[in-house]
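Residue-level listing of the chains:
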Amino acid sequence: ASAAGGPSLAFVEWSAAPPMTRLATVAADGSGRRILPLFGVQPTPFEGPAFSADGSTLVFSGYPVDAKGELRESRPRLFAVGAEGGTPRPLPGTVGGSRPVLSPDGDIVAFKRARLNYRFDPRNPGAFGYYSSATTWTVPLAGGKPRRLTPWLSGLSMIPAAFSPDGSTLLLERDREPGWAPEIIARPLGGGPLRLISRRAEEPAFSPDGAWIALIDYRDGLTVRAGEARAAVGELYLVRADGTGGRRLTRTPAAQESQPSWSPGGARIAFLRTPGSGGLGFGATLMQANADGFCARRVTGGKGRGAAALYGPVWQPGAGREATVLPC
């Protein structure tokens, strides 16, 4: 990652030729893009990394690979690595884990585990059983016993999205099958009932002061053509920490906005903009804008046919990496 002389972002990219996922960093002005060396591990696609509070460590989901890049295990797990890359350290108790989210103090990692099973009865080929569920777990970054926070229940997905800056609350994405739209709920970590933050929304991120949540909202009912059907696309919104209000920051009805991240200090928001409904993420552009949505500009990605897929941009925290307001 860049030196502590300016703001920068980390993200996962997936190239199609040759097929490979990598962990990359770039300065906020688009300069200094580099691939981090990850010896023996390849990141999981479709999701990004998480930074420790001081910006010195990245946690990500990945697969152990051999010298030829072939997978050595069929399930991912979480790894920690220095911000400059190196040999990632596997986190005990996280086999099958993905979507890491670090607590503000850096002591705890929340992550997702999923189960998907089909049960087939050869005596009755027309009948089969189907089980699909995703749950939220936590584990100490230094190592320890993982703890499950949400229940296993077929058709229910509850996965971690963001800690509040004071560490008291974990935002979850909740989805039910079939026919439910995603919603964002708050889980008090000290106990208490779940609280609905926003319906038809996903991918929340708390502002550094805890007053606002940036999220991807589908309230406008926007759709784009996807083959012979139409797919919903979401826009970047701000809501208050209690879920009230709602301020639209982007207006791109032909593109999917996704995966917002606040800069240290809260002056800017980074996010992805992908043509159409997003698909596998190919052709995505890493964007940044001021926290009011103005002065949006490209950071990297999105350069025509064959462009890599981008996932999960996250700002590097730490002294000297603060981002100021963008001039228009």
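Here, every reference points to the structure presented above.
Note that residues are indexed from 1 along each chain, following the sequence as it is written. Where totals are concerned, whole chains, interfaces and linings use all residues; where local detail is concerned, this predicted model gives features only for residues with pLDDT of at least 70, and gives and counts side-chain atom pairs only at 80 or more. Excluding hydrogens and water, the side-chain figures rest on all heavy atoms present in the structure.

Colleague: Explain the overall build of the protein to me, please; I cannot follow it from the model alone.
Modeller: Per the convention used, a helix needs a DSSP run of H or I reaching at least four residues, while a strand needs a run of E reaching at least two, with both numbered from the N terminus. From N to C terminus, the protein includes zero helices and 27 strands. Note on method: radius of gyration uses C-alpha positions; expected globular size equals 2.2 Å times residues raised to 0.38. The C-alpha atoms of the protein give a radius of gyration of 19 Å, which matches the 20 Å a tight globule of 328 residues would have. Counting only C-alpha atoms and orienting by the principal axes, one finds that the protein spans roughly 65 × 45 × 45 Å. A 1.4 Å probe rolled over the protein chains alone gives each residue an accessible area, and that area as a share of the maximum for its type sets the label: buried under 20%, exposed over 50%, partly exposed in between. For the protein, with 328 residues in total, the buried portion stands at 52%. When the accessible area of the protein is evaluated, it comes to approximately 15,000 Å², of which 54% is carbon and sulfur surface. For the protein, the distance from the average position of its 37 positive side-chain charges to the average position of its 27 negative side-chain charges is 3 Å. We get accessible surface area from the Shrake-Rupley algorithm with a probe of 1.4 Å; when it comes to residues, only the shown protein chains can shield them. Counted as positive: Lys and Arg. Counted as negative: Asp and Glu, with His and the chain ends omitted from the count. The location of each charge is read from NZ of Lys, CZ of Arg, CG of Asp or CD of Glu.

Colleague: It is not clear to me how the sheet that holds strand 17 (residues 201-206) should be interpreted in this structure. Could you clarify?
Modeller: Sheet strands line up and pair through hydrogen bonds in the backbone, either parallel or antiparallel. Between any two strands, at least two bridges found by DSSP are needed for them to pair. Here four strands make up an open sheet; going across it, the order is 17-18-21-22 and the pairing antiparallel. What marks the edges here is a single partner per strand, and that holds for strand 17 and strand 22 (247-248). As paired strands, strand 17 and strand 18 (residues 212-217) are joined by four bridges and run antiparallel to one another. Note on strand 18: the bridge partner recorded for Phe206 is Ile213.

Colleague: So what exactly am I meant to see when it comes to the side chain of Ser52 here?
Modeller: In this structure, Ser52 sits in the loop between strand 5 (50-51) and strand 6 (57-64). Since its relative accessible area comes to 7%, Ser52 is described here as buried. Contacts described as polar in this section are N or O atom pairs within 3.5 Å, which, within protein, must combine one atom able to donate a hydrogen with one able to accept it, while residues neighboring in sequence count only if both atoms come from side chains. Here the side chain of Ser52 touches Ser56 through a polar contact of 3.3 Å, landing on its backbone nitrogen. Look past the residues within four positions of Ser52 in its chain and what remains in contact with it is Thr57, Leu102 and Pro317. Any two residues whose heavy atoms approach within 4.5 Å are treated as being in contact.

Colleague: Any chance you could explain a nonpolar patch on the surface here in plain terms?
Modeller: On the surface, Phe46, Leu280 and Phe282 cluster together to form a nonpolar patch covering roughly 270 Å² of accessible area. Tracing the backbone through its elements, the reader meets Phe282 in the loop between strand 24 (268-275) and strand 25 (285-290). Residues enter patches when their relative accessible area tops 30% and they take part in no salt bridge; the joining distance is 9 Å for like charges and 5 Å for the nonpolar side chains Val, Leu, Ile, Met, Phe, Trp and Tyr. The working definition used for a salt bridge is a side-chain nitrogen of Lys or Arg within 4 Å of a carboxyl oxygen of Asp or Glu.

Colleague: Please explain the pairing of strand 1 (residues 8-16) as it appears in this structure.
Modeller: Each regular strand carries side chains that alternate between the two faces of the sheet. Most of strand 1 sits out of view: seven of its nine residues are buried. Pairing analysis gives nine bridges linking strand 1 to strand 2 (residues 19-27), with the strands arranged antiparallel. For Ser15, the partnering residue across the bridge sits in strand 2 and is Met20. In this antiparallel pair of consecutive strands, strand 1 and strand 2, the connection spans two residues. As paired strands, strand 1 and strand 27 (residues 309-315) are joined by five bridges and run antiparallel to one another. What sits directly across from Ala10, in strand 27, is Val314.

Colleague: So what exactly am I meant to see when it comes to the pattern of salt bridges here?
Modeller: Between side chains of opposite charge, a pair can form as their charged atoms come close. This structure, assessed with the given rule, holds 11 salt bridges. Close ionic contact of Arg219 with Asp217 constitutes a salt bridge, the shortest N to O distance being 3.0 Å. On the accessibility criterion, Arg219 (39% relative accessible area) is partly exposed. In this structure, Arg248 and Asp220 form a salt bridge, with 3.6 Å as the shortest nitrogen-oxygen distance. Here Arg248, found in strand 22, pairs with Asp220, found in the loop between strand 18 and strand 19 (223-226); they are 28 residues apart in sequence, far enough to count as distant. Of the residues examined, Asp220 reaches a relative accessible area of 33% and is grouped as partly exposed. Each of the salt bridges in this network shares a partner with another, and the network as a whole consists of Glu13, Arg22 and Arg33.

These values are about where atoms sit, not about what they do.
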